[in-house]
Amino acid sequence: MPGTERVEITGPYGDRYDEILTPQAIDLIATLHGELSARRFELLAARRRRQVGLSRGAMLDFLPETAHIREDPDWRVAPPAPGLIDRRVEITGPTEKKMTINALNSGANVWLADFEDANTPLWDNMITGQLNLKDALDRTIDFTSPEGKEYALRPDDELATIVVRPRGWHLDEKHILIDGNRASGSLVDFALYMSTCAQRQIDKGKGPYFYLAKNESHLEARLWDDAFNLAQDALGIPRGTIRATVLIETIPAAFEMEEILFELRYHSAGLNAGRWDYLFSVIKKFRTRGREFVLPERNSVTMTAPFMRAYTELLVRTCHRRGAHAIGGMAAFIPSRRDPEVNARALAKVREDKMRESGDGFDGSWVAHPDLVPVCKEVFDGVLGPDPNQVGKTREDVSVTAEDLLAVSKTPGVITEAGLRNNISVALQYLAAWLGGDGAVAIFNLMEDAATAEISRSQVWQWIHNDVALDDGPVVTRDLVEELIDQELTKIRERAAPGTFDAAQYGRAVALFTEVALADSFADFLTIPAYERMP
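Residues numbered from 1 in each chain as written. Predicted model: local features only at pLDDT ≥ 70, side-chain atom pairs only at ≥ 80, totals over all residues. Heavy atoms only, no water.

A. View of the overall build of the chain. In terms of regular secondary structure, the chain is built from 18 helices and 15 strands. For 535 residues, the compact-globule formula gives about 24 Å, and the C-alpha radius of gyration of the chain, at 22 Å, lands near that figure. With respect to the three principal axes, the spread of C-alpha positions in the chain is 65 × 55 × 50 Å. Long-range pairs, those at least 24 residues apart, make up 78% of the contacts in the chain between residues at least 6 apart in sequence. Carbon together with sulfur atoms contributes 51% to the accessible area of the chain, which is approximately 20,300 Å² in total. For the chain, the distance from the average position of its 61 positive side-chain charges to the average position of its 81 negative side-chain charges is 1 Å. (Helix = DSSP H or I, 4+ residues; strand = E, 2+ residues; numbered from the N terminus. Rg over C-alpha atoms; globule rule 2.2 N^0.38 Å. Contact = heavy atoms within 4.5 Å. Areas by Shrake-Rupley, 256 points an atom, 1.4 Å probe, with all protein chains shown as cover. Lys, Arg positive; Asp, Glu negative; His and termini not counted. Charge placed at Lys NZ, Arg CZ, Asp CG, Glu CD.)

Below, the structure written as structure tokens:
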């Protein structure tokens, strides 16, 4: 594999990898790590220190040292960039070839090309995903299914704008070593896309755009802003060409929304309400704080729960006050061609969710499947009319306190045996697929990704460690969960089509689930031990 004195690429070499792992890309990876790696580790250490404090009884609040940023009414983020002015529908999905074509053709305004939660970081996935984006911009991508169905791109002016989601700061890329140490997954994904596709995007009248995942503070946003400037300078691209939307999907970040926008203001494209990871973050951060922070089973926690309502309304107010887009959460339903009754009920819920978001002032929202694009678009068309967004709706009526954001105990809902079983089954099915290379998995008519698997396993851990009793059954214990794992695994095996159940793969999934849901200590991210289980 190509490399330099500082950079060693240990992953196997595949067809056309040299188009992505170019000398320019390798140099940019080395430059970014040389300038930013130490700060990355410092910020990850700061996360751990904050967790220690929360576990000992500390509480989150708005930062007094940045009050001057929140109180200054005059600053604004950069105006919307070409291709990001109208974002009423955004579709998400991994960068495999068929998804690339379908997402770009879907009629959505934006495609979140995902190297993170909807992707499994197999070495081949990470490099061929970059190749698929390059080929899409070059219009050389096509796909023929095993049944002979052909997929090709529509004209450029009908395609969604590509916005890439790199891995979070906490994830490594073990196939690239910098001075003998693993590279940052974030910086690798970012550098490879910038080196390969930034100029291609610019040549099409847009630019290199990103979604930034798992951020927990404005200092982490500042690190990204510095990475943007370093990359733009290295590649001869004007500063401010890059635009980034930050997912507010951790509860610490909810207390620093204004500061995050401020740090990225010359590169900002707004904020997104990453609802599933946000729930996971609430559970994780307060997992040892007793029943006050125990949520009901995940399927009963809706966006109308008081603490979720506070979070989303504050996000819209914060964004629009600073001239930024506010993008709503995921509609994860997967339409079924076999059950029109299930479809009708689910589509009604999707419509209701999008009506709430558009009425609250969001400028657009996410869907996981192309068949949901028309529903989301229709709802936002009804609110936006001819306008591309509703940034002018500043929501001066919204006033959210720290207590509002932390009002987890006011969440209605129950914890039942069915909910516990669903968490176990979803986690096992997802982890089996993830370990096999698939990060976006249709389970029970929902598109599941790493975020929902995280909620499932973290709820099980929290219920065990807080002696939670099921509404219709016993206290949740390790022994009970192990018994239900066996039962749910049997159901999965019985539902599987003949010859499709991979016993060895599910054995690995059970071992991983046991590690991240039943151990005495809590794993910060299940994807970290999962990554060590793959080549």
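B. The arrangement of the environment of Asp520 in detail. Position of Asp520 relative to the elements: it lies in the loop between helix H17 (503-517) and helix H18 (527-532). Residue Asp520 is classed as exposed on the basis of its relative accessible area of 69%. If near-sequence neighbours (up to four positions away) are discounted, Asp520 is found in contact with Trp461 and His465. (Buried < 20%, exposed > 50% of the residue type's maximum accessible area, 1.4 Å probe, protein only.)

C. The sheet that holds strand E1 (residues 7-9), seen in detail. Pairing within the open sheet is antiparallel, and its three strands lie in the order E1-E7-E8. The outermost strands of the open sheet, each flanked by one partner alone, are E1 and strand E8 (181-184). With direction set aside, neighbouring strand axes in the sheet form an average angle of 55°. Note that E1 and strand E7 (residues 172-178) share three bridges and pair antiparallel. Along E7, the bridge assignment pairs Val7 with Ile178. Seen against the sheet, helix H5 (residues 185-203) touches E7 and E8 and runs at an angle of roughly 55° to E8. (Pairing = 2+ DSSP bridges. Axes fitted to C-alpha atoms, helices over the stretch in contact; angles between N-to-C directions.)

D. Quick look at the nonpolar core. In this structure, Trp111, Phe190, Met194, Ile248 and Leu315 are the most contacted members of the largest nonpolar core, which totals 123 residues. Ranked by residues supplied to this core, first place goes to helix H1 (residues 23-55) with ten residues. Beyond its immediate stretch of four places on either side in the chain, Ile248 contacts Ala253, Ala254, Met257, Ile260, Leu271, Asn272, Ala273, Gly274, Tyr278, Tyr311 and Leu315. Listed in part, the 42 residues of the second largest apolar core include Leu420, Ala450, Leu489 and Tyr531. (Core = buried A, V, L, I, M, F, W, Y, C linked by side-chain atoms within 4.5 Å.)

E. Helix H14 (residues 417-435), seen in detail. In this model H14 runs 27 Å from its N-terminal to its C-terminal C-alpha over 19 residues, within 8% of the 27 Å that 1.5 Å per residue would give. Counting buried residues in H14 gives 17 out of 19 residues, a clear majority hidden from the surface. Following H14 by one or two positions, Gly437 has its phi on the positive side, about 110°. (Expected span 1.5 Å × (residues − 1).)

F. The arrangement of the packing of aromatic side chains in detail. Enumeration over the complete set of coordinates arrives at 18 aromatic pairs. Measuring from ring centre to ring centre gives 4.8 Å for Phe501 and Tyr506, while their planes differ by 10°; the resulting arrangement is stacked. Above the plane of the ring of Phe41 lies Arg40, whose end atom (NZ or CZ) is 5.2 Å from the centre. Here Arg275 stacks its cationic end above the ring of Trp276, 5.9 Å away from the centre of that ring. (Phe/Tyr/Trp six-rings, centres within 6.5 Å; stacked < 30°, edge-to-face > 60°. Lys NZ or Arg CZ within 6 Å of the ring centre and 35° of its normal.)

Just geometry here; none of it tells us what the structure is for.
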